Amino acid sequence: MLQGKKVLLGITGSIAAYKSVFFLRLLIKAGAEVKVIMTSGATDFVNPLTFSTLSKNETLTDLTVGDVWANHVALGRWADVMIIAPASCNTIAKMANGLCDNLLMAIYLSAVCPVMVFPAMDEDMWLHAATKANIGRLQEHKVQVIAVNKGELASGLFGEGRMQEPEDMLSYLQNFFSIKGSLKGKKALVTAGPTYEAIDPVRFVGNHSSGKMGIAIADELAFRGAEVTLILGPSALLPKKEMKVVNVVSASEMFEKTMEVFHDADYIIMAAAVADYTPVNKHFEKIKKSEGTFILELTQTKDILFEAGKIKRDDQILVGFALETSNEHHHAMEKLTKKNADFIVLNSLNDEGAGFAHKTNKITIFDKNGEAHEFDLKLKDEVAADIINTITQLKND
């Protein structure tokens, strides 16, 4: 799985640095090529010669050695993945705020590859609000922060903050590479964002969707190698991965563009918050304010998920979303059946931190067998991975 993979391994000042020696041995045994970068604090715990001997590459500790410069830009472009293990509280804070005072930080800020960190610190530091904020910022920057274990700590206390064991760290990395590119050759269609239904040139009927959830799903599909078409309603956000983006405004435009590419898609994920109603009369000039009430007559828009369900093939996977406020499970299962979808992703506005305008979401995925797959509150990027993991796994079962 790791044969020929290029790994940058960053070591920071923590007693957990001893585990990285064993982790490096596992990486080499698995066939990876590894280059190690150590902070000055890390060298107080493990001698750089240990990592040089095991990796068969010089361990780098400084930006310059004599008149030789360690080219951090080249190193940042060399790797398939950058791992920082252990990642101390101090280093996490530097990463979160873009500080660049050592070689490791210079390489991190130059890296174009995925970055994964395995934190290690005492429990009070791990649970501190400042550390949580820094980790949240790293996650927003697409850095994968692997959860700590609970166990005996350097302070002598027992609690959270212990770095993962080397064997588990290797499993995370192997799983990462097994997922990356796993959907190569597949085509995916994702709808995201709101629709705006014009009343006049300056007013519209809309909703609070930002498009973040749908875009995260599109990015996850692209990461796994799928050829993605994202049909995106009005949103200030853009995907981070390469894909075809089709911008639309209204429900009718989203329906039209969806139908144009629907038949070529293997995976169709309808994450957009499409307006159910649109004004009957759209005024071409701004409506002037007048005395009394203003009556707005609305008519139903095309139900894109329903229309897709009528024409989908057996070899296509159709996924819909349900945002509910009451009788959530009942309405989700009802939607699954009526729309002929393969999966319905439910989120409830009754769950704190879920729904529109949040970085997080809490979902339950319903399949055609009526089984519910529940997930905890997570960042939407992690939710996207849960959704794709679930539908691909159940599709193959």
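Note that the structure is a prediction, hence the values are computed from the model and not measured. (Residues numbered from 1 in each chain as written. Predicted model: local features only at pLDDT ≥ 70, side-chain atom pairs only at ≥ 80, totals over all residues. Heavy atoms only, no water.)

Q: Could you clarify how one ought to interpret the overall build of the chain in this entry?
A: Scanning the chain for helices and strands turns up 13 helices and 23 strands. Across its three principal directions, the C-alpha atoms of the chain cover 80 × 50 × 45 Å. Within the chain, the proportion of its 397 residues that are buried is 50%. Expressed as a percentage of contacts within the chain between residues at least 6 apart in sequence, the contacts between residues at least 24 apart total 67%. (Helix = DSSP H or I, 4+ residues; strand = E, 2+ residues; numbered from the N terminus. Buried < 20%, exposed > 50% of the residue type's maximum accessible area, 1.4 Å probe, protein only. Contact = heavy atoms within 4.5 Å.)

Q: Where do I start with the side chain of Asp 200 in this structure?
A: Within the secondary structure layout, Asp 200 lies in strand β11 (residues 197–200). The buried category is assigned to Asp 200, whose relative accessible area is 4%. A polar atom in the side chain of Asp 200 sits 2.9 Å from the backbone nitrogen of Val 202. In terms of polar contacts, Asp 200 uses its side chain to reach the side chain of Arg 203, at 2.5 Å. Discounting chain neighbours no more than four positions away, the residues touching Asp 200 are His 283, Glu 285, Lys 286 and Ile 287. (Polar contact = N/O pair within 3.5 Å; in protein donor to acceptor, adjacent residues only side chain to side chain.)

Q: Would you take a moment to explain helix α2 (residues 48–55) for this structure?
A: In an α-helix, one turn spans 3.6 residues; hence positions three or four apart end up facing the same way. Listing the buried residues of α2 in full gives Phe 51, Ser 52 and Ser 55. An end-on view of α2 places all buried positions within 100° of arc, on one side of the element. For α2, the exposed residues lying more than 90 degrees away from the buried face are Leu 49 and Thr 53. Buried residues in α2 make contact with β1 (6–11), α1 (17–29) and β2 (33–38). Looking at where α2 begins, the residue whose side-chain oxygen comes 2.8 Å from the main-chain nitrogen of Leu 49 is Asn 47. The positive-phi residue at the C-terminal boundary of α2 is Lys 56, with phi of around 60°. (Arc of directions from axis to C-beta.)

Q: Where do I start with the state of the cysteines in this structure?
A: Covalent bonding between the sulfur atoms of two cysteines is what defines a disulfide. The final tally for this structure, using the stated rule, is 0 disulfides. The closest cysteine sulfur to the non-disulfide-bonded Cys 89 is located on Cys 100, 19 Å from its own sulfur. Among the cysteines around Cys 113, which has no disulfide bond, Cys 100 carries the closest sulfur, lying 16 Å off. Residue Cys 113 is classed as buried on the basis of its relative accessible area, which comes to 11%. (Disulfide = S-S within 2.5 Å.)

Q: Can you walk me through the packing of α1 against α2 in this structure?
A: Put simply, α1 and α2 touch, their axes get as near as 10 Å, and they point 10° apart. In terms of orientation, α1 and α2 fall into the roughly parallel class. When α1 is examined against α2, the residues Ala 17, Ser 20, Val 21, Leu 24, Arg 25 and Ile 28 are found in contact with a partner set consisting of Thr 50, Phe 51, Leu 54 and Ser 55. (Axes fitted to C-alpha atoms, helices over the stretch in contact; angles between N-to-C directions. Parallel < 35°, antiparallel > 145°, perpendicular 65-115°, else oblique.)

Q: Looking at this structure, I do not really get the packing of aromatic side chains. What am I missing?
A: Two numbers describe a pair of aromatic rings. These are the distance of the centres and the angle of the planes. A full pass over the atoms with the stated rule returns 5 aromatic pairs. Aromatic side chains Phe 118 and Tyr 172 sit 6.1 Å apart centroid to centroid with 70° between the ring planes, which places their arrangement in the edge-to-face category. Taken together, the residues Phe 118 in strand β6 (residues 115–119) and Tyr 172 in helix α8 (residues 166–179) connect sequence positions 54 residues apart. Owing to a relative accessible area of 35%, Tyr 172 belongs among the partly exposed residues under this scheme. Ring centres of Phe 176 and Phe 177 lie 5.1 Å apart, and the angle between their planes is 80°; on these two criteria the pair is classed as edge-to-face. Across this residue pair, the class does not change: Phe 176 and Phe 177 are buried. (Phe/Tyr/Trp six-rings, centres within 6.5 Å; stacked < 30°, edge-to-face > 60°.)

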